Number of protein chains: 2
Amino acid sequence: MSFSVPDVMSNPRAERVRDVARLATRAGRAKRGLFLAEGPQAVREALALHRERLAASGAPVVESVYATADFLERSPELAELAEVAAGTRLRVATEEVLAAMADTVSPQGILAVCHLPATTLEEVLAGRPRLVAVMCRVQDPGNAGTILRAADAAGADAVVLTEGSVDIYNPKAVRSTAGSIFHLPIVSGVPFGDLSAALRGAGLAVLAADGYGDTDLDALQDASAARRLAGAGSGTDPQAVPDPAAGVVLLEAPSAWLFGNEAQGLDREELAAADCRVAVPLYGVAESLNVGTAATVCLYASARAQRRA
Amino acid sequence: MSFSVPDVMSNPRAERVRDVARLATRAGRAKRGLFLAEGPQAVREALALHRERLAASGAPVVESVYATADFLERSPELAELAEVAAGTRLRVATEEVLAAMADTVSPQGILAVCHLPATTLEEVLAGRPRLVAVMCRVQDPGNAGTILRAADAAGADAVVLTEGSVDIYNPKAVRSTAGSIFHLPIVSGVPFGDLSAALRGAGLAVLAADGYGDTDLDALQDASAARRLAGAGSGTDPQAVPDPAAGVVLLEAPSAWLFGNEAQGLDREELAAADCRVAVPLYGVAESLNVGTAATVCLYASARAQRRA
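The rules we used
Residues numbered from 1 in each chain as written. Chains lettered and ligands numbered in written order. Predicted model: local features only at pLDDT ≥ 70, side-chain atom pairs only at ≥ 80, totals over all residues. Heavy atoms only, no water. UniProt positions renumbered as here; feature names shortened; annotations may be inferred. Helix = DSSP H or I, 4+ residues; strand = E, 2+ residues; numbered from the N terminus. Buried < 20%, exposed > 50% of the residue type's maximum accessible area, 1.4 Å probe, protein only. Pairing = 2+ DSSP bridges. Contact = heavy atoms within 4.5 Å. Axes fitted to C-alpha atoms, helices over the stretch in contact; angles between N-to-C directions. Polar contact = N/O pair within 3.5 Å; in protein donor to acceptor, adjacent residues only side chain to side chain. Least-squares fit on C-alpha atoms with pLDDT ≥ 70 in both. Disulfide = S-S within 2.5 Å. Buried area = accessible area lost by both parts, 1.4 Å probe. Salt bridge = Lys/Arg side-chain N within 4 Å of Asp/Glu carboxyl O. Domains from an automatic or database assignment. Nonpolar A, V, L, I, M, F, W, Y, C, P; charged D, E, K, R; others polar. Phe/Tyr/Trp six-rings, centres within 6.5 Å; stacked < 30°, edge-to-face > 60°.

As named in an unreviewed UniProt entry, chain A is RNA methyltransferase, taken from Zafaria cholistanensis. In its Sequence similarities (unreviewed entry) section, the UniProt record describing chain A reads: "Belongs to the class IV-like SAM-binding methyltransferase superfamily. RNA methyltransferase TrmH family."

Below, the discussion takes up unusual backbone geometry. Of note in this structure, R137 of chain A is not a glycine but carries a positive phi near 60 degrees. Along the polypeptide, R137 of chain A turns up in the loop between β6 (131-135) and α8 (141-153). Taking relative accessible area as the criterion, R137 of chain A reaches 18% and is therefore assigned buried. A positive phi angle is found at A178 of chain B, which is not glycine, with a value near 50 degrees. Note that A178 of chain B resides in the loop between α9 (171-176) and β8 (186-190).

This part covers the sheet that holds strand β1 (residues 8-9) of chain A. Strand pairing in a sheet relies on backbone hydrogen bonds, with the paired strands running either antiparallel or parallel. All names here are of chain A. Read from one edge of the open sheet, five strands run β1-β4-β3-β5-β2, paired in mixed fashion. The open sheet terminates on both sides in strands that have one partner only, identified here as β1 and β2 (34-38). In this structure, β2 lies alongside strand β5 (residues 110-115), joined through five bridges in antiparallel fashion. Bridging across to β5, L34 finds its partner in H115.

This part is about the sheet that holds strand β10 (residues 215-216) of chain A. All names here are of chain A. Strand order in the open sheet formed by seven strands is β8-β7-β6-β11-β9-β12-β10, with parallel pairing between adjacent strands. The sheet is open, and its two edges are formed by β8 (186-190) and β10, each paired on a single side. Relative to strand β11 (residues 255-259), helix α13 (residues 291-307) is tilted by about 170 degrees, and along the sheet it contacts β6, β9 (205-209) and β11.

This part covers the side chain of N170 of chain A. All names here are of chain A. With respect to the helices and strands, the residue N170 is situated in the loop between β7 (158-162) and α9 (171-176). Here K172 takes part through its backbone nitrogen, which lies 2.8 Å from a polar atom of the side chain of N170. If we skip the residues at most four places from it in the chain, N170 touches R29 and P141.

What follows deals with the relation of the copies chain A and chain B. Overlaying chain A on chain B yields an RMSD of 0.0 Å, the required transformation being a rotation through 180 degrees with an accompanying axial translation of 0.0 Å. What we have between these two chains is a two-fold relation. Take the interface residues of chain A: 100% of them recur as interface residues in chain B, which is what a same-surface contact looks like.

Residue and element names in this part refer to chain A. Note that β9 and strand β12 (residues 276-279) share three bridges and pair parallel. Residue pairing across strands places A208 opposite R277, the latter belonging to β12. As defined by bridge partners, β10 adjoins β12 across two bridges and the pair is classed as parallel. Looking at the pairing, D216 lines up with A279 of β12.

For the structure on display, the rule yields zero disulfides over all chains. For C298 of chain B, which is in no disulfide, the shortest distance to another cysteine sulfur is to C276 of chain B and amounts to 11 Å.

Bringing the interface of chain A and chain B into the picture now. In this complex, chain A contributes 41 residues to the contact, which on the side of chain B involves 41 residues. Taking both sides of the interface into account, the surface hidden between chain A and chain B amounts to around 3,400 Å²; carbon and sulfur atoms contribute 54%. Taken together, chain A and chain B are joined by six salt bridges. With a shortest N-O distance of 3.1 Å, R228 of chain B and D222 of chain A are connected by a salt bridge.

Once that is clear, we can look at the domain arrangement of chain A. Residues and elements named next belong to chain A. Looking at chain A, the domain boundaries give domain 1 (5-115) and domain 2 (121-307). Taking only C-alpha atoms, the centre of domain 1 and the centre of domain 2 are 33 Å apart. Opposite the 17 residues of domain 1 that make contact, domain 2 presents 13 residues. Between domain 1 and domain 2 lies a buried interface of about 1,200 Å² when both sides are counted; carbon and sulfur atoms form 61% of it. At the boundary of domain 1 with domain 2, the tally comes to four salt bridges. R175 serves as the salt-bridge partner of D103, at 3.3 Å between the closest nitrogen and oxygen. There are six residue pairs in polar contact (both at pLDDT 80 or more) connecting domain 1 and domain 2. Looking at the side of domain 1 that touches domain 2, the elements that each hand over two or more residues are α2 (26-32), β2 and α3 (40-55). In terms of residue count, the dominant contributor to the side of domain 1 that touches domain 2 is α3 (five residues). Here the residues of the side of domain 1 that touches domain 2 sort into 10 nonpolar, two polar and five charged.

Now for the environment of A24 of chain B. Residues and elements named next belong to chain B. Locating A24 in the fold gives a position in the loop between α1 (15-21) and α2 (26-32). According to the relative accessible area criterion, A24 is partly exposed, its value standing at 30%. Along the backbone, A24 and Y169 are 145 residues apart, and their C-alpha atoms lie at a distance of 8.8 Å. In this view, A24 contacts R29, D103 and P171; residues no more than four positions away in its chain are not counted.

Taken as a whole, this structure holds eight aromatic pairs over all chains when the rule is applied. Taking the centre distance of 6.1 Å and the plane angle of 40 degrees together, the rings of Y300 of chain A and Y283 of chain B count as tilted. In this pair, Y300 of chain A is assigned in helix α13 and Y283 of chain B in the loop between β12 (276-279) and α13 (291-307), connecting two distinct chains. In this structure Y300 of chain A comes out as buried when scored by relative accessible area, which is 4%. Where F35 of chain B meets Y169 of chain B, the ring centres are 4.7 Å apart and the plane angle is 55 degrees; that geometry is what we call tilted. Remark: Y169 of chain B occurs in the loop between β7 (158-162) and α9 and F35 of chain B occurs in strand β2 (residues 34-38); sequence separation between them is 134 residues. In this structure Y169 of chain B comes out as buried when scored by relative accessible area, which is 7%. Every member of this aromatic cluster is reached through a ring pair, and the members are F35, Y169 and F182 of chain A.

Spelled out as structure tokens, the structure:
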């Protein structure tokens, strides 16, 4: 593949370059309804979703792709993917232009400008999700990205961010999702009051991840394993299986997990809305878990219980 | 509490200030055998370990503490802790001096200069550990810190970093441990060849966390739960319990987990040294887990199996 010289964008001060750079700010993203995905992995995932959406006659995901000639030579498969993506503009740019567009020092030769999705909570809940991760006022973009990636790995059906949370489309958050931002529906800016009623209306148990919770995650997992082994006819004494009527949440039931703000945890209203306050046990000297770590343990516990039930 | 003016260090270009600032580099730390712990949480944990060590007539942990007068007024309990710590120098400094010493923009009013511990692998293994986390050429300080913090939360007995890993005493790594760096023994710079033999000699099963592993972590957890329920006399059919002789590692056995480099994972030698290559299941579309997330899931699985056995 070769590119003639006039095709190459080389002016880092061009208006279009500045337009892309403005997507690093929340206001810039809101104004244009676009966000930035930097680097080969994110762009690959964006284009894959874009094709899938278009094939299902849905809305496009990628607005345009910018890459260096050098990158396109090295990664012909990604160049091809970008070229054939209907409605997407692939532009060749110099390293300098890409650096001016990107939030990172080096976007590794490629970036995509993507449409902010317009997913609503109603759409997500209409899909009858079994596992939802809710970030309640999580502030750090790295933590938000980690939670989203963990939710993806655990096979969650959706991620919700309440009002007052970090913008998950901030470039640092997008990077830390390692492509997961294109893997599952995300709803942002939801007022908590509306959310808890909607989750419950959709038949989801609401679990609060809370270091001071009175229910131990391991106890929930043990009860779930005991029910599973009993159900598998392995002869486990049914007496050993906790009574669901006892008010304990069943880990294998459709659930939404609430994860709180880094400094304050979940607030009173958020805790009060939960069916159960669940603590991840601390076996060592650590005073607490990072919210991303706690979310990983909680979401995997639910995923295991649900998938193996 | 009040401080007379001559006590306050106010020259950010003083030799002592520069000496502390040099601890941000690996060479600076190696030369003086010291490292930096920034912020109230880290300093509190450092001083707590310091007192515990001195009471057991062990080696001191903290060499000196620097804090602003303002911080000491606001946190009298930490001021007292620092004052009574035998052999530790508490110096009052201006914000400007602290900023010049610290790696962070704002060390939140306090930092401690601490002695690099001289823990050896032999000492750690002589303590008959049940759960050890090994970082094999992990490069990112944030990841190393997250793994150490997860190891602490899961009650691991020690953390080992092989030759070629990031320096865990780098200020960014120390920060991301949230104090856990003072909670459990850490051995750094261990050549992998020596390590695997030593782990095995200490009776530890060696588990490789490997996305391409042929053993599913959930299968190991299920087998462990089945053994536990059978052992608890709940009547589980012993036939349902996997045969330990079948070559499958028992999750409740004393174990060392190997976690690999972010980009390449575990290398051939590291994988070959393991008794078992264990994959964390991916239930969603995510291609892989961040090494910190994978380590959390693996270490918690072992901790659960061991503690509830």
